[in-house]
Amino acid sequence: LLVRSGSSSRAKDEAQARVASTCARRGKLLPSVRRIQSEEAKRRKACEIRAALAWEKKASKMALSNFLATVVGAGAVLLLLRSDARKTSATLRRNLRHIRSWLEEEQAVGTKQSKPPPEGQSSAPKDSTKPPETPT
């Protein structure tokens, strides 16, 4: 329904009332309400798009910072493992030297004990509780 621009405000009000009653009978929204809702939907959609773009920018920055944090963390672990491996190998070499010297000492003691005693001495240990024998 079109109302001429030169007509009175009463005619405009009547035309709007007819449109409202027609829309109410048909179960439709008024054109002005439809227009407002469509504008709100456009605004909501634009806002969603802006939020999505902002999230993508933030996500790309987060991805870069996550990557850098991972690289730094892996580098720190490698440095620690490298220095730890050096210390461990040095400790292992020192322990092996000690073990080797202990084995050599044990071999030396074992060879002394395995030698037969000189003649005239018994291999049995002397009993310290007995008095020494005197030759007669």
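Here the structure is a predicted model, which means the values were calculated and not measured.

Novice: Please give an account of the overall build of the chain that cites residues and values.
Specialist: Summing up its helical and strand segments, the chain has 2 helices and 0 strands in all. Classification of the 136 residues of the chain by burial places 1% in the buried group. Only carbon and sulfur atoms are counted for the fraction: they give 60% of the accessible area of the chain, which is about 13,000 Å².

Novice: Hey, could you go over a positive patch on the surface for me, with residue numbers and the actual values?
Specialist: The grouping of Arg 93, Arg 94, Arg 97 and Arg 100 at the surface amounts to a positive patch. Residue placement: Arg 97 occurs in helix α2 (residues 31-114). Its relative accessible area of 52% is what places Arg 97 among the exposed residues.

Novice: Help me get a handle on a nonpolar patch on the surface, residues and values and all.
Specialist: A cluster of nonpolar side chains, Leu 92, Leu 96, Ile 99, Trp 102 and Leu 103, forms an exposed patch at the surface whose accessible area comes to about 520 Å². In this fold, Leu 92 is placed in helix α2.

The rules behind these values
Residues numbered from 1 in each chain as written. Predicted model: local features only at pLDDT ≥ 70, side-chain atom pairs only at ≥ 80, totals over all residues. Heavy atoms only, no water. Helix = DSSP H or I, 4+ residues; strand = E, 2+ residues; numbered from the N terminus. Buried < 20%, exposed > 50% of the residue type's maximum accessible area, 1.4 Å probe, protein only. Areas by Shrake-Rupley, 256 points an atom, 1.4 Å probe, with all protein chains shown as cover. Patch = residues over 30% accessible without salt bridge, like charges linked within 9 Å, V, L, I, M, F, W, Y side chains within 5 Å. Salt bridge = Lys/Arg side-chain N within 4 Å of Asp/Glu carboxyl O. Lys, Arg positive; Asp, Glu negative; His and termini not counted. Charge placed at Lys NZ, Arg CZ, Asp CG, Glu CD.

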